[in-house]
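Examination of the molecular architecture
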Amino acid sequence: MAVRLHWFLPTGGDGRTLVDRHAYAANNSGAARKVGGVRAPDLDYLVQIAKAAERLGFEAVLTPTGTWCEDAWLTTVALAQHTERLKFLVAFRPGVISPTLAAQMASTYQRLTRGRLLLNVVTGGDSAEQRRFGDHLDHDERYSRTDEFLSVVRGVWQGRPYDFHGKHYDVEGGLTALPPDPLPELFFGGSSAAAGPVAARHADVYLTWGEPPAQVGEKIGWIRTLARREGRTVRFGIRLHTVSRDTSAEAWAVAHRLLDDLDADTIAAAQATLGRSESVGQRRMLALHGGSREQLEIYPNLWAGVGLVRGGAGTALVGSHAEVAERIAEYHALGVEHFVLSGYPHLEEAYWFGEGVIPELAARGLLGGTPGAAGAPLLVSSGR
């Protein structure tokens, strides 16, 4: 099992700061917030990141979904015209699109890009965000709907009329006339009791946020047990940020500088917002730091500072290139195959990782085959 590397596409903007999620939103007075060091997610900048990821050997780039992001389908199909091999993990939510239409869109995209589409199906853990898109189901019902959604997608990809009658979907004669070949793999994320059985039934790869190795190992054991009951096996991936430099001291200096923008009020406001999330995974991220700047290195080279103000993946691998590679090797030894990575800013950090850590991983014999040569998986996650 080789390490497979993916990067992140910041379709909500990024920069030299962690305070970027709402940089283009209006505040209560209607004025746009001004945040220093922030880059708009225009096509020229995203093309730079996509080309860098392709050049450096990443297999794919993950796109987020939600209020503060550009539409993932439209953005990535534009970027596909500027790249040759790079795959795109296109995020969307089952609650705002029909499964038959999603299957058709994915099949078309797969053919137009010659197999470079990956799909990130986001169940969603924030009811306020879901309601913006007209979705009023509660947390557990959203996972129930995702269960049915994935059943329908698989069914209509069979190339013959498919009927499905469930609580959330009622499909008669669902069909994708030209199914994708090969059929995409399914990735899935979620830490709640409602998420586990869905992963066991549908996932080829279960994706977790970057918790300490012992906790990741527990999740792997949990999902493996559930999948075994379904007569299936599941592979595993992890979502992390990275700050990698030539020396450990340099890397930690960069990480600490990212906190310089964060005053106590900013952190408190972010923690209050994140604390209202229904996502069990988000609560696990918050528990790693407790809202405090103290003791943010929660495991050697694993830093929880990102999660002080950002939802979703809240931890980063921080250290020298060799140290970051060592932590990746540790997760890999637990059974983690896919590493979905990011950094601030994403353009520069892609080069730091690609030119520093990737050679270290290659020297350890952890990288196998040609980057991007494997089949196009369907990524199913619970968020960024």
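Residues numbered from 1 in each chain as written. Predicted model: local features only at pLDDT ≥ 70, side-chain atom pairs only at ≥ 80, totals over all residues. Heavy atoms only, no water.

Time to look at the environment of Glu-230. Checked against the element boundaries, Glu-230 lands in the loop between helix H7 (213-229) and strand E11 (235-245). On a C-alpha basis, the gap between Glu-230 and Arg-201 in space is 6.5 Å, while along the polypeptide they are 29 residues apart. The contact partners of Glu-230, leaving out residues within four places of it in the chain, are Ala-200 and Arg-201. (Helix = DSSP H or I, 4+ residues; strand = E, 2+ residues; numbered from the N terminus. Contact = heavy atoms within 4.5 Å.)

A few words now on the packing of aromatic side chains. Summed over all chains, the structure comprises ten aromatic pairs. Ring centres of Trp-73 and Phe-92 lie 5.9 Å apart, and the angle between their planes is 45°; on these two criteria the pair is classed as tilted. Residue Trp-73 is located in helix H2 (residues 72-79), and its partner Phe-92 is located in strand E5 (residues 87-92); the two are separated by 19 residues in the primary sequence. For the pair formed by Trp-73 and Phe-92, the shared burial category is buried. When the ring of Phe-92 is compared with that of Phe-149, the centres are 5.8 Å apart and the planes differ by 55°; the resulting orientation is tilted. Highlighted residues: Phe-92 in strand E5 and Phe-149 in helix H5 (residues 139-156), separated in sequence by 57 residues. Residue classification places Phe-92 among the buried positions, given a relative accessible area of 6%. (Phe/Tyr/Trp six-rings, centres within 6.5 Å; stacked < 30°, edge-to-face > 60°. Buried < 20%, exposed > 50% of the residue type's maximum accessible area, 1.4 Å probe, protein only.)

Our next topic: the side chain of His-139. With respect to the helices, strands and loops of the structure, His-139 is situated in helix H5. Owing to a relative accessible area of 10%, His-139 belongs among the buried residues under this scheme.

We now examine the nonpolar core. Core analysis: the biggest nonpolar cluster contains 75 residues, and Leu-5, Trp-7, Phe-149, Ile-328, Tyr-331, Phe-339 and Phe-353 have the highest contact counts within it. Ranked by residues supplied to this core, first place goes to helix H1 (residues 43-56) with eight residues. Among residues more than four places away in sequence, those in contact with Ile-328 are Val-3, Leu-317, Phe-339, Phe-353, Val-357 and Leu-361. Ranked by size, the runner-up nonpolar core spans 25 residues in total, among them Leu-18, Ala-255, Leu-259 and Leu-262. (Core = buried A, V, L, I, M, F, W, Y, C linked by side-chain atoms within 4.5 Å.)

Glancing now at helix H3 (residues 99-112). Here H3 is 14 residues long and its end C-alpha atoms lie 20 Å apart, about the 20 Å a rise of 1.5 Å per residue gives. In this structure, the buried residues of H3 make contact with H2, E5, strand E6 (117-122) and H5. (Expected span 1.5 Å × (residues − 1).)

In this section: unusual backbone geometry. Following Tyr-344, the chain continues to Pro-345 via a peptide bond in cis, the omega torsion being -5°. Relative to the helices and strands, Pro-345 is located in the loop between strand E15 (336-342) and helix H12 (346-363). A positive phi angle is found at Asn-301, which is not glycine, with a value near 70°. Secondary-structure assignment places Asn-301 in the loop between strand E12 (297-299) and strand E13 (302-303). Judged by relative accessible area, Asn-301 falls into the buried class, the value being 7%.

Time to look at the packing of H7 against helix H11 (residues 321-334). At their nearest, the axes of H7 and H11 sit 10 Å apart, and the two run at 25° to each other. By the criterion of interaxial angle, the relationship of H7 to H11 is roughly parallel. When you trace H7 past H11, the crossing you get is right-handed. Counting all contacts with H7, which are made through Pro-213, Val-216, Gly-217, Ile-220 and Arg-224, the residues of H11 involved are Glu-330, Tyr-331 and Leu-334. Taken together, the residues of the contact of H7 with H11 break down into five nonpolar, one polar and two charged. (Axes fitted to C-alpha atoms, helices over the stretch in contact; angles between N-to-C directions. Parallel < 35°, antiparallel > 145°, perpendicular 65-115°, else oblique. Left-handed = near helix turned anticlockwise from the far one by under 90°. Nonpolar A, V, L, I, M, F, W, Y, C, P; charged D, E, K, R; others polar.)

The axes of two packed helices give the description: the angle between them and the distance between them. Interhelical geometry of H1 versus H12 gives an angle of 5° and a closest axis separation of 9 Å. On the basis of the axis angle, H1 is roughly parallel to H12. Between H1 and H12, the contacting residues are Tyr-45, Gln-48, Ile-49, Ala-52, Arg-55 and Leu-56 on the first element and His-346, Leu-347, Ala-350, Tyr-351, Gly-354, Glu-355 and Ile-358 on the second. By residue class, the composition of the contact of H1 with H12 is eight nonpolar, three polar and two charged.

So, on to the pattern of salt bridges. Two side chains with opposite charge may pair up if their charged atoms get near one another. All told, the structure shown has 21 salt bridges when counted by the stated rule. We note a salt bridge from Arg-93 to Glu-129, for which the minimum N-O separation is 3.2 Å. Residue Arg-93 is located in the loop between E5 and H3, and its partner Glu-129 is located in helix H4 (residues 127-132); the two are separated by 36 residues in the primary sequence. Each of the salt bridges in this network shares a partner with another, and the network as a whole consists of Arg-4, Glu-59, Lys-87, Glu-185, Arg-235 and Glu-337. (Salt bridge = Lys/Arg side-chain N within 4 Å of Asp/Glu carboxyl O.)

Our focus in this paragraph is the pairing of E6. E6 sits mainly inside the fold: six of its six residues count as buried. Every second residue of E6 is oriented toward a common face, with Leu-117, Leu-119 and Val-121 on one face and Leu-118, Asn-120 and Val-122 on the other, all of them buried. Pairing of E5 with E6, which is carried by five bridges, proceeds in the parallel orientation. Paired with Ala-91 across the two strands is Asn-120, which belongs to E6. Once the chain exits E5 it traverses H3 before rejoining the sheet at E6, and the crossover so formed is right-handed. (Pairing = 2+ DSSP bridges. Right-handed = clockwise from strand over helix to strand, strands pointing away.)

Function-wise, these values are silent; they only describe arrangement.
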